[in-house]
Amino acid sequence: MNRLFGNRTAIAFLVLPGVAIMVFALIVPIGFSFYFSLTDWAGFGAFNPVGAANYKEILTADPVFWRSLVNALILMAVTIFIQNPVAFALAALLAHISQKASQIFRSIFFVPAVLSVVVITKLWVNIFNPTYGILNKLLRLAGLKSLAVSWLSNPHTALGSVIWIIIWQGFGWALLFYYTGLMTVPKEIEEAAVVDGASWPQTYTRIILPYMFPVISSVIVIDVISSLKQMEMIYLSTDGGPGQLTQFIAVYLYQKAFVASQYGYGNALSILFVVVAVGITVLVQRLFRSEGEIQ
Amino acid sequence: MNALTKTPLFDRSAGKRFGKFALYAFLVVFAILQVFPLLWVFDYSIQKTGDLFGPELIKLPLVPVWHNYARAWVDGKILRYFINSSIVVVSSVLISTVVSFCLAYATTRMVWKLRTLAAGFIGLGMVIPIHTTLLPNFIWFNVFGLINTHVGLIIPYIAFTLSFNTLLFAGQLKTLPRSMEESAFLDGARYPKILASVIAPMAAPAIVTVLVMTFLTNWNEFIMANTYLSTDDLRTLPFSIIRFQGQYSSDYAVQFACMTLVALPPLVLYFFFSRWIMSGATAGAVKG
């Protein structure tokens, strides 16, 4: 059957269109980006090669770049240590109620995940609005007038508010992943633990969590990548402000190229972004693979 | 049996019932938190803008003002943008589905030297952020006159959905027995026919999931559309909301009506296909 499964013409016809599209829309652009990152082009007019000057400036003299990486790290931490455990707990509860009720709840929890980021972001921009937003109305009603701030432009609350929007939309995904993962745990393992006299916290920490390790690590890898990639929600809510406090790297490179007319510099940020994204993904995956082997 | 034992206050079944009640109450609170913002926006989309500024926490639409929707429809150019979104999304979804099906087939079932390398290359699409192609594509696509055209949006919409779709198809194609193709081959069928009439029907569940997931992803995409399209009449649906911010920045009720209209198509799709969306969404994390 070599003629069938090793048919070269068939393989070429099947693989080349996809590879061509990816090369055209993904690989060549990154090549272009690298080329422009070595120039001082404004995006129009003439330009000069500047060597690695843009990279040098980003890494040594651009606090906004580092700030945007720190923000991504904060988002990762909040996602992994707050959103994920809550989602896991809720998934565990859903696994113990009737199929029908669990299905209804899961469908509701996932609603935000199917909506456009524009709708999601504008929803929350309005809820956070200091004058008519329901959040501040609620706070004033509760006599907490001093807490009723301008959430998205106050330096103390802006980052937290943006992170809330992101976490809120991502919640349905986390819940869905964990619920599906929990469904793969064989009932016998859980029952055997109960028969042996294990309490439910013991069952979870000793039996179910270790069994779920591959799912948990996949979700964490996804969280890490998506925290780095955040852009639209920030762009549409705070646009990196106030004073770059909510800056994320994808928003920053966009502003540099299209607002500040530093196209070359923006491309250098873009290339560093690819390096960071690929680097961290490989690192996190390695980390979990070796730990999985120890288990 | 006396009355006392009939209604015990602290026996196990009462405790269980209370636990169950608490559990459901907890779940309901979370459910409200997840849909409340939508309901809030819908609530004020059928009232006068002034009502939003009233002193009450939530005002119910006792006299619905549906006129807001008429204005949102016309001034938000909903119909024009809806048609544009449909053109871009339907074509990118169909092509992405076919192309990723082929990629998944070749990388899971066929035998060739560069197979692992090719699979790794396809996986790159999930690691490389879309945003890193925004700046260079603005120049690179312009070389072909693709900037500010629907084709210029369709191509990256295909490219960025290929990786996930291939992974999803691969999961399903791996499980099929090889004798499927062998018997069709011995009957004289050739590759296009084997794929279309033997393999595709067996992968039907994955095909539905890929179609729906890709549709949602591309339908909701904003930043590439925002970057590559500059002519107002070419833009896609999310722009209705953006339009209102500039033109009617103080007319919140119409803005809210517009947001509701834009949210509606994915919600309708989700209502009918939630099973497929949910099974597809987890394919990557749980299997991979």
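So, how was this worked out
- Residues numbered from 1 in each chain as written.
- Chains lettered and ligands numbered in written order.
- Predicted model: local features only at pLDDT ≥ 70, side-chain atom pairs only at ≥ 80, totals over all residues.
- Heavy atoms only, no water.
- Helix = DSSP H or I, 4+ residues; strand = E, 2+ residues; numbered from the N terminus.
- Rg over C-alpha atoms; globule rule 2.2 N^0.38 Å.
- Buried < 20%, exposed > 50% of the residue type's maximum accessible area, 1.4 Å probe, protein only.
- Contact = heavy atoms within 4.5 Å.
- Areas by Shrake-Rupley, 256 points an atom, 1.4 Å probe, with all protein chains shown as cover.
- Buried area = accessible area lost by both parts, 1.4 Å probe.
- Salt bridge = Lys/Arg side-chain N within 4 Å of Asp/Glu carboxyl O.
- Polar contact = N/O pair within 3.5 Å; in protein donor to acceptor, adjacent residues only side chain to side chain.
- Nonpolar A, V, L, I, M, F, W, Y, C, P; charged D, E, K, R; others polar.
- Core = buried A, V, L, I, M, F, W, Y, C linked by side-chain atoms within 4.5 Å.
- pLDDT = per-residue confidence, 0-100.
- Domains from an automatic or database assignment.

Enquirer: An account of the overall build of chain B is needed here, citing residue identities and associated values.
Expert: For chain B, the helix and strand inventory stands at 14 helices and 0 strands. The helix and strand sequence of chain B, counted from the amino end, reads α-α-α-α-α-α-α-α-α-α-α-α-α-α. In terms of overall size, chain B is more extended than a compact globule, its C-alpha atoms giving a radius of gyration of 26 Å where 288 residues would be expected to give roughly 19 Å. For the C-alpha atoms alone, the extent of chain B along its principal axes is close to 75 × 70 × 35 Å. Relative to its 288 residues, chain B shows a buried fraction of 51%. Taking all contacts inside chain B whose residues are at least 6 apart in sequence as the whole, residues at least 24 apart take part in 73%. As displayed, chain B offers around 13,600 Å² of accessible surface, 71% of which is attributable to carbon and sulfur atoms.

Enquirer: Summarise the interface of chain B and chain A; cite the residues concerned and give the values.
Expert: Contact with chain B, which involves 94 residues of that partner, is made by 92 residues of chain A. Of the roughly 8,400 Å² buried between chain B and chain A on both sides combined, carbon and sulfur atoms contribute 81%. Linking chain B with chain A are 0 salt bridges, by the criterion used here. Linking chain B to chain A there are 19 residue pairs in polar contact (both at pLDDT 80 or more). At 16 residues, helix α2 (residues 12–45) of chain B tops the list of elements feeding residues into the side of chain B that touches chain A. Broken down by class, the residue content of the side of chain B that touches chain A amounts to 74 nonpolar, 14 polar and 6 charged.

Enquirer: Break down the nonpolar core for me, with residues and values.
Expert: Core analysis: the biggest nonpolar cluster contains 188 residues, and A:Phe109, A:Tyr178, B:Trp40, B:Tyr105, B:Ile199 and B:Phe256 have the highest contact counts within it. Among the elements that line this core, the one with the most residues is helix α9 (residues 158–183) of chain A, at 15 residues. Dropping the residues within four chain positions of it, B:Ile199 is found in contact with B:Phe101, B:Tyr105, B:Arg109, B:Leu173, B:Leu176, B:Met180, B:Glu181 and B:Ile194.

Enquirer: I'd like a description of the confidence of the model for chain B, backed by residues and values.
Expert: Residues and elements named next belong to chain B. Overall, the prediction assigns chain B a mean pLDDT of 87, with 92% of residues at 70 or greater. Element-level pLDDT for chain B is lowest in helix α1 (residues 3–6), with a mean of 41, against a maximum mean of 96 in helix α5 (residues 78–108). Considering only residues more than four positions removed or in separate chains, one finds that residues 1–10, a stretch of pLDDT under 50, has 2 contacts.

Enquirer: Break down the pattern of salt bridges for me, citing the residues and quoting the values.
Expert: Residue and element names in this part refer to chain B. Throughout the structure, instances matching the rule amount to 7 salt bridges over all chains. Asp-232 is paired through a salt bridge with Lys-77; the nearest N and O atoms lie 3.1 Å apart. You can see Asp-232 sitting in the loop between α12 (223–228) and α13 (239–247) and its partner Lys-77 sitting in the loop between α4 (67–75) and α5, a full 155 residues away along the chain. On the accessibility criterion, Lys-77 (23% relative accessible area) is partly exposed. Note that Asp-233 and Lys-77 form a salt bridge whose closest N and O atoms lie 2.9 Å from each other. Residue Asp-233 is found in the loop between α12 and α13, and its partner Lys-77 is found in the loop between α4 and α5; the two are separated by 156 residues along the sequence. Members of the salt-bridge network, linked through shared partners, are Lys-77, Asp-232, Asp-233 and Arg-243.

Enquirer: Describe the domain arrangement of chain A, naming the residues involved and giving the relevant values.
Expert: Taken domain by domain, chain A comprises domain 1 (1–29) and domain 2 (38–294). A separation of 34 Å is found between the C-alpha centroids of domain 1 of chain A and domain 2 of chain A.

Enquirer: Provide a residue-level description of the domain arrangement of chain B, including the pertinent values.
Expert: Residues and elements named next belong to chain B. If you check the domain split of chain B, you get domain 1 (3–67) and domain 2 (77–287). In this structure, domain 1 and domain 2 have C-alpha centres spaced 36 Å apart. Listed as interface residues are 10 residues of domain 1 and, on the opposing side, 8 residues of domain 2. With both chains or domains summed, domain 1 and domain 2 bury close to 720 Å², and 78% of this area falls on carbon and sulfur atoms. Interface area lost by domain 1 to domain 2 is led by Val-41, Ser-45 and Thr-49, which between them contribute 54%. At the surface where domain 1 touches domain 2, the tally comes to 3 residue pairs in polar contact (both at pLDDT 80 or more).

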